[in-house]
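# Summary of the model geometry
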Amino acid sequence: DGDLAEAAQLSLGSLAPRAGAQGAAEIAGFLEQRLAGADGEERLEVLAAMGNAGRPENAASILASLASDDAAERRAALSATRHLAGNEVDEALALVVETDDSIELRTRALELLARRTTSGAASAVEGALESHESAVRKAAVLALSSAARRDESLADRLRALAASDPSEEVRSAARSVH
(Lines give C-alpha, C1' and ligand atoms only; values in the text may rest on other atoms or scores of the structure.)
Protein backbone atom coordinates (compact mmCIF):
# COMPACT_ATOMS: atom_id res chain seq x y z
CA ASP A 1 0.00 0.00 0.00
CA GLY A 2 1.43 3.38 -1.07
CA ASP A 3 0.17 5.29 1.96
CA LEU A 4 1.74 2.79 4.32
CA ALA A 5 5.07 2.95 2.48
CA GLU A 6 5.00 6.75 2.59
CA ALA A 7 4.24 6.77 6.32
CA ALA A 8 7.01 4.24 6.98
CA GLN A 9 9.50 6.32 5.00
CA LEU A 10 8.57 9.53 6.85
CA SER A 11 8.83 7.70 10.17
CA LEU A 12 12.22 6.35 9.21
CA GLY A 13 13.40 9.90 8.56
CA SER A 14 12.04 10.97 11.93
CA LEU A 15 13.95 8.17 13.65
CA ALA A 16 17.33 9.26 12.27
CA PRO A 17 18.05 11.89 14.96
CA ARG A 18 17.59 9.22 17.64
CA ALA A 19 19.26 6.32 15.86
CA GLY A 20 22.86 6.97 16.90
CA ALA A 21 25.61 7.92 14.48
CA GLN A 22 25.77 4.65 12.58
CA GLY A 23 22.01 4.17 12.42
CA ALA A 24 21.46 7.74 11.27
CA ALA A 25 24.13 7.37 8.58
CA GLU A 26 22.47 4.15 7.38
CA ILE A 27 19.08 5.88 7.22
CA ALA A 28 20.62 8.79 5.29
CA GLY A 29 22.21 6.34 2.85
CA PHE A 30 18.95 4.47 2.40
CA LEU A 31 17.14 7.74 1.66
CA GLU A 32 19.84 8.71 -0.87
CA GLN A 33 19.26 5.41 -2.69
CA ARG A 34 15.50 5.95 -2.64
CA LEU A 35 15.86 9.48 -4.01
CA ALA A 36 18.15 8.34 -6.83
CA GLY A 37 15.48 5.93 -8.08
CA ALA A 38 12.46 8.12 -7.41
CA ASP A 39 10.42 10.43 -9.57
CA GLY A 40 7.24 12.41 -9.23
CA GLU A 41 5.33 12.04 -5.97
CA GLU A 42 7.75 9.46 -4.61
CA ARG A 43 10.59 11.98 -4.96
CA LEU A 44 8.62 14.48 -2.86
CA GLU A 45 8.03 11.83 -0.20
CA VAL A 46 11.74 10.97 -0.01
CA LEU A 47 12.64 14.66 0.30
CA ALA A 48 10.11 14.94 3.15
CA ALA A 49 11.76 11.98 4.89
CA MET A 50 15.19 13.58 4.36
CA GLY A 51 13.84 16.74 5.96
CA ASN A 52 12.66 14.74 8.95
CA ALA A 53 16.08 13.11 9.23
CA GLY A 54 17.97 16.42 9.03
CA ARG A 55 21.19 14.59 8.16
CA PRO A 56 24.15 16.45 6.62
CA GLU A 57 24.74 13.40 4.39
CA ASN A 58 21.53 14.31 2.55
CA ALA A 59 22.28 18.04 2.22
CA ALA A 60 23.76 17.86 -1.28
CA SER A 61 20.71 16.03 -2.65
CA ILE A 62 18.29 18.36 -0.91
CA LEU A 63 20.11 21.46 -2.12
CA ALA A 64 20.31 20.07 -5.68
CA SER A 65 16.53 19.66 -5.62
CA LEU A 66 16.19 23.40 -4.96
CA ALA A 67 17.22 23.85 -8.61
CA SER A 68 14.67 21.39 -10.01
CA ASP A 69 12.41 22.43 -12.88
CA ASP A 70 9.49 21.12 -10.81
CA ALA A 71 8.09 23.68 -8.37
CA ALA A 72 6.66 20.91 -6.16
CA GLU A 73 10.12 19.37 -5.82
CA ARG A 74 11.64 22.77 -5.01
CA ARG A 75 8.92 23.28 -2.36
CA ALA A 76 9.66 19.87 -0.81
CA ALA A 77 13.40 20.60 -0.86
CA LEU A 78 12.83 23.96 0.86
CA SER A 79 10.94 22.24 3.63
CA ALA A 80 13.68 19.60 3.86
CA THR A 81 16.31 22.25 4.67
CA ARG A 82 14.68 23.11 8.01
CA HIS A 83 17.01 20.92 10.12
CA LEU A 84 20.18 21.40 8.07
CA ALA A 85 23.02 23.61 9.25
CA GLY A 86 25.79 25.27 7.30
CA ASN A 87 26.68 28.22 5.15
CA GLU A 88 25.95 26.25 1.98
CA VAL A 89 22.33 25.94 3.10
CA ASP A 90 22.15 29.70 3.79
CA GLU A 91 23.61 30.40 0.35
CA ALA A 92 21.21 28.02 -1.39
CA LEU A 93 18.20 29.55 0.38
CA ALA A 94 19.43 33.04 -0.49
CA LEU A 95 19.70 32.00 -4.14
CA VAL A 96 16.09 30.81 -4.05
CA VAL A 97 15.05 34.19 -2.62
CA GLU A 98 16.90 35.99 -5.42
CA THR A 99 16.13 33.81 -8.43
CA ASP A 100 13.21 31.39 -8.06
CA ASP A 101 10.34 31.94 -10.49
CA SER A 102 7.78 31.32 -7.76
CA ILE A 103 7.02 34.18 -5.38
CA GLU A 104 5.58 31.60 -2.96
CA LEU A 105 8.89 29.72 -2.85
CA ARG A 106 10.91 32.92 -2.59
CA THR A 107 8.91 34.05 0.44
CA ARG A 108 9.10 30.55 1.99
CA ALA A 109 12.88 30.60 1.60
CA LEU A 110 12.88 33.99 3.35
CA GLU A 111 10.90 32.54 6.25
CA LEU A 112 13.39 29.70 6.56
CA LEU A 113 16.35 32.10 6.41
CA ALA A 114 14.78 34.27 9.12
CA ARG A 115 14.78 31.27 11.50
CA ARG A 116 18.48 30.64 10.99
CA THR A 117 21.01 32.29 13.30
CA THR A 118 23.93 32.91 10.95
CA SER A 119 25.07 36.29 9.73
CA GLY A 120 24.75 35.07 6.14
CA ALA A 121 21.10 34.26 6.67
CA ALA A 122 20.40 37.62 8.31
CA SER A 123 22.21 39.42 5.49
CA ALA A 124 20.17 37.57 2.86
CA VAL A 125 16.90 38.49 4.57
CA GLU A 126 17.95 42.14 4.80
CA GLY A 127 18.99 42.04 1.15
CA ALA A 128 15.47 40.97 0.21
CA LEU A 129 14.25 44.41 1.33
CA GLU A 130 15.67 45.59 -2.02
CA SER A 131 13.72 43.06 -4.13
CA HIS A 132 11.75 44.25 -7.13
CA GLU A 133 8.86 42.07 -5.96
CA SER A 134 6.63 43.66 -3.34
CA ALA A 135 5.62 40.24 -1.92
CA VAL A 136 9.29 39.45 -1.29
CA ARG A 137 9.90 42.86 0.34
CA LYS A 138 6.82 42.37 2.54
CA ALA A 139 7.99 38.89 3.58
CA ALA A 140 11.41 40.35 4.42
CA VAL A 141 9.82 43.08 6.54
CA LEU A 142 7.75 40.53 8.44
CA ALA A 143 10.76 38.24 8.86
CA LEU A 144 12.83 41.11 10.24
CA SER A 145 10.18 42.54 12.56
CA SER A 146 11.51 41.08 15.79
CA ALA A 147 15.14 41.85 14.89
CA ALA A 148 14.18 45.47 14.17
CA ARG A 149 12.99 45.86 17.75
CA ARG A 150 16.57 45.15 18.88
CA ASP A 151 18.52 46.81 16.06
CA GLU A 152 18.05 50.55 15.60
CA SER A 153 19.68 50.70 12.15
CA LEU A 154 17.36 47.96 10.89
CA ALA A 155 14.42 49.77 12.50
CA ASP A 156 15.47 52.89 10.57
CA ARG A 157 15.45 50.92 7.30
CA LEU A 158 11.96 49.65 8.03
CA ARG A 159 10.78 53.16 8.91
CA ALA A 160 12.10 54.32 5.54
CA LEU A 161 10.17 51.54 3.81
CA ALA A 162 7.06 52.48 5.80
CA ALA A 163 7.35 55.99 4.42
CA SER A 164 8.41 55.42 0.84
CA ASP A 165 7.96 51.90 -0.49
CA PRO A 166 5.91 51.90 -3.71
CA SER A 167 3.66 49.13 -2.34
CA GLU A 168 0.99 49.97 0.22
CA GLU A 169 1.20 46.39 1.54
CA VAL A 170 4.93 46.77 2.23
CA ARG A 171 4.43 50.21 3.79
CA SER A 172 1.68 48.82 6.02
CA ALA A 173 3.79 45.82 7.06
CA ALA A 174 6.72 48.09 7.86
CA ARG A 175 4.49 50.44 9.90
CA SER A 176 3.18 47.49 11.92
CA VAL A 177 6.69 46.69 13.16
CA HIS A 178 6.87 49.81 15.33
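The structure we're discussing is the one just above.
Description of the structure in this document. Keep in mind that what you see is a predicted model, and the values were worked out from it rather than measured. Throughout this document, residue positions are counted from 1 along each chain, in the order its sequence is written. Local features in this predicted model are restricted to residues of pLDDT 70 or higher, and side-chain atom pairs are both shown and tallied only at a pLDDT of 80 or more, whereas totals for entire chains, interfaces and linings draw on every residue. Just so you know, side-chain values use all the structure's heavy atoms and leave hydrogens and water out.

A run of H or I in DSSP counts as a helix once it spans at least four residues, and a run of E counts as a strand once it spans at least two, with each numbered from the N terminus. Its place among the elements puts Thr 81 in the loop between helix H5 (71–80) and helix H6 (87–99). Residue Thr 81 is classed as buried on the basis of its relative accessible area of 1%. Contacts are residue-level and defined by heavy atoms, with any inter-residue pair within 4.5 Å sufficient. Not counting residues within four places of it along the chain, the set of residues in contact with Thr 81 comprises Ile 62, Leu 63, Leu 66, Val 89, Leu 93, Leu 112 and Arg 116. Buried means the residue's accessible area, taken with a 1.4 Å probe over protein chains only, is under 20% of the maximum for its type, while exposed means over 50%, and partly exposed covers the values in between.

With that settled, the discussion passes to helix H3 (residues 40–53). One less than the residue count of a helix, multiplied by 1.5 Å, gives the span that helix is expected to have. Along its 14 residues, H3 runs 20 Å from first to last C-alpha, staying within 8% of the 20 Å computed at 1.5 Å per residue. Listed as buried for H3 are Leu 44, Glu 45, Val 46, Leu 47, Ala 49, Met 50, Gly 51 and Ala 53. A positive phi of about 60 degrees marks Gly 54, the residue just after H3.

What follows covers the nonpolar core. Only buried residues count toward a nonpolar core. Its members are Ala, Val, Leu, Ile, Met, Phe, Trp, Tyr and Cys residues joined through side-chain atoms within 4.5 Å. Counting 50 residues, the largest nonpolar core has Leu 78, Leu 110, Leu 113, Leu 129 and Val 141 as its most contacted members. Not counting chain neighbours up to four residues away, the residues in contact with Leu 78 comprise Leu 66, Leu 93, Val 96, Leu 105, Arg 108, Ala 109 and Leu 112.

Attention shifts here to the layout of surface pockets. Considering only enclosed or pocket space, the largest pocket measures out at about 170 Å³ in volume. Together, 16 residues line the largest pocket, and Ala 114, Arg 116, Ala 122, Leu 144 and Ala 147 are the ones closest to its centre. Broken down by secondary-structure element, the contributors of at least two residues to the lining of the largest pocket are helix H7 (103–115), helix H8 (119–127) and helix H9 (134–148). In this count, Pro and Cys sit with the nonpolar residues alongside Ala, Val, Leu, Ile, Met, Phe, Trp and Tyr, while Asp, Glu, Lys and Arg are called charged and the others, Gly among them, polar. Taken together, the residues of the lining of the largest pocket break down into nine nonpolar, three polar and four charged. Buriedness for pockets is judged along seven lines, at least five of which must meet protein on both sides within 12 Å for an open set on the 1 Å grid over protein atoms alone, while cavities are sets there where a 1.4 Å probe fits but cannot get out, and lining residues have an atom within 4 Å of a point. Grid points are joined across faces, edges and corners, and a volume is the space filled by probe spheres set on the points.

Okay, the environment of Arg 82 next. With respect to the helices and strands, the residue Arg 82 is situated in the loop between H5 and H6. Arg 82 gets classed as partly exposed once you look at its relative accessible area, which sits at 35%. In this structure, the C-alpha to C-alpha distance between Arg 82 and Gly 51, residues 31 residues apart in sequence, is 6.7 Å. Every residue in contact with Arg 82, bar those within four places of it in the chain, is listed here: Ala 48, Gly 51, Asn 52 and Leu 112. A distance of 2.7 Å separates a polar side-chain atom of Arg 82 from the backbone oxygen of Ser 79. Contacts described as polar in this section are N or O atom pairs within 3.5 Å, which, within protein, must combine one atom able to donate a hydrogen with one able to accept it, while residues neighboring in sequence count only if both atoms come from side chains.

Turning our eyes to something else, we now look at the pattern of salt bridges. One side-chain nitrogen of Lys or Arg within 4 Å of one carboxyl oxygen of Asp or Glu is enough to make a salt bridge. Applying the stated criterion across every chain yields a total of 15 salt bridges. The closest approach of N and O atoms between Lys 138 and Glu 169, which form a salt bridge, is 3.6 Å. Here the residue Lys 138 occupies a position in helix H9, and Glu 169 occupies one in helix H11 (residues 168–176), the gap between them amounting to 31 residues. A residue is classified by how much of its surface remains accessible, and Lys 138, at 28% relative accessible area, is partly exposed. Salt-bridge contacts for Arg 159 lead to Glu 152; the nearest nitrogen and oxygen are separated by 2.3 Å.

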